[in-house]
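Report on the structure
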Amino acid sequence: MTRTVALLGSTRLTRVVLPYLLERRGVRVVSVDPGDEHEADPWFAPVRGLCADNGVSIGRRAADLTLDLDPTARPIQGEGPMLRLLPPVGARSSDINRALLDGGAWEVTFGNDRGSWGRKGVEVEDEDDAEALLDRATLRAVEALDAGWEPMLAGDAPTPLDRPLVGGRFRVAETFLTWARDARSVTARVRACAGPWGGARTHVGDNAVWLLDARVVADETPEGFEPGAIVRVDGGVEVATGRGVVRIERLRPGWRPARGAGGYLREIGLSEGYVLV
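Let us look at the structure shown here.

**Side note on the packing of aromatic side chains**
Each aromatic ring pair is specified by the distance between its two centres and by the angle formed by the two planes. All chains considered together, the criterion is met by two aromatic pairs. Ring centres 5.6 Å apart and planes at 45° place the aromatic pair F110 and W117 in the tilted group. Each member of the pair F110 and W117 is classed as buried. When the centroid spacing of 6.3 Å and the interplanar angle of 20° are considered together, the rings of F110 and W149 count as stacked.

**Focus: the packing of helix α1 (residues 12-22) against helix α2 (residues 44-54)**
At a minimum axis separation of 9 Å, α1 and α2 run at an interaxial angle of 20°. As judged from the angle between their axes, α1 and α2 are roughly parallel. Along this stretch, α1 crosses α2, giving a crossing that reads as left-handed. Residues T14, R15, L18, P19 and L22 of α1 touch α2, and the partners they reach there are P46, V47, L50, C51 and N54. The class makeup of the residues in the contact of α1 with α2 is seven nonpolar, two polar and one charged.

**A short note on helix α5 (residues 183-193)**
Across the eleven residues that make up α5, a large majority, nine, are buried. Where α5 is concerned, the buried positions are A183, V186, T187, A188, R189, V190, R191, A192 and C193. In this structure, the buried residues of α5 make contact with α3 (99-102), α4 (130-153), β8 (200-204), β9 (207-211), β10 (215-218) and β13 (245-248). Sitting at the head of α5, D182 places a side-chain oxygen 3.1 Å from the backbone nitrogen of R184.

**Focus: the sheet that holds strand β15 (residues 259-260)**
Spatial ordering of the open sheet is given by β8-β9-β14-β15, a layout of four strands whose pairing is antiparallel. On the outer flanks of this sheet lie β8 and β15, each paired with one strand and no other. Across five bridges, the pairing between β8 and β9 is antiparallel. Within β9, the position partnered with R201 by the bridge is W210.

The rules behind the values
- Residues numbered from 1 in each chain as written.
- Predicted model: local features only at pLDDT ≥ 70, side-chain atom pairs only at ≥ 80, totals over all residues.
- Heavy atoms only, no water.
- Phe/Tyr/Trp six-rings, centres within 6.5 Å; stacked < 30°, edge-to-face > 60°.
- Buried < 20%, exposed > 50% of the residue type's maximum accessible area, 1.4 Å probe, protein only.
- Axes fitted to C-alpha atoms, helices over the stretch in contact; angles between N-to-C directions.
- Helix = DSSP H or I, 4+ residues; strand = E, 2+ residues; numbered from the N terminus.
- Parallel < 35°, antiparallel > 145°, perpendicular 65-115°, else oblique.
- Left-handed = near helix turned anticlockwise from the far one by under 90°.
- Contact = heavy atoms within 4.5 Å.
- Nonpolar A, V, L, I, M, F, W, Y, C, P; charged D, E, K, R; others polar.
- Polar contact = N/O pair within 3.5 Å; in protein donor to acceptor, adjacent residues only side chain to side chain.
- Pairing = 2+ DSSP bridges.

Dropping the structure here:
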């Protein structure tokens, strides 16, 4: 028996789940509904091409199953199958960017609002930025889908979750840096914001600058440097925090292309002692 499936949502998952289901026997994908706010996302272009090549409609169509790939985008979630992140207990949102800030054991679950048919852990590496973590979470999501697909079709009851699903998303306001925090917190914030959010935001005078990477280079702040003060400028830039020093190699001034941090700051006449806010 062939089951028809409609996909709901345009996320990184859509790029991977669509070809997975197209190749799975007994499944016919009939539509992908990206939602108005997602259709312009850069990762939807290959999805559109796959749909055109395989006779899949763009938009909402009736199907035996509707698989929700972006349930947190909707204030009211259906009872059908969905792929969701399961954050640690106490996490403020289920956005994967939060994993770089809060740590803990994250999982991705294929299930419904009552439990899961498949679950996979999402490892958080020390050098991860949001791009790397999102890519890993996407792969784990497909593994969870693969593990739970047949039990779902067989009518098996989902396994109850040991912690509640959490809604919410990473917000633009969370990209603003607070230099008074310690160096490791600042570094985590930059890595969490790099990629989908375009970097962590600070200011040079009245101009916004988006920082694209960060690493800790000292655990103590040098004497005489307040949080946000430039400690050193070479190919990159080293900046004092509330405790410790971080090094930034790349940044994006305003909405212009990314470039080397040190070269940009020297070009606009900044040097040791200038304070970023």
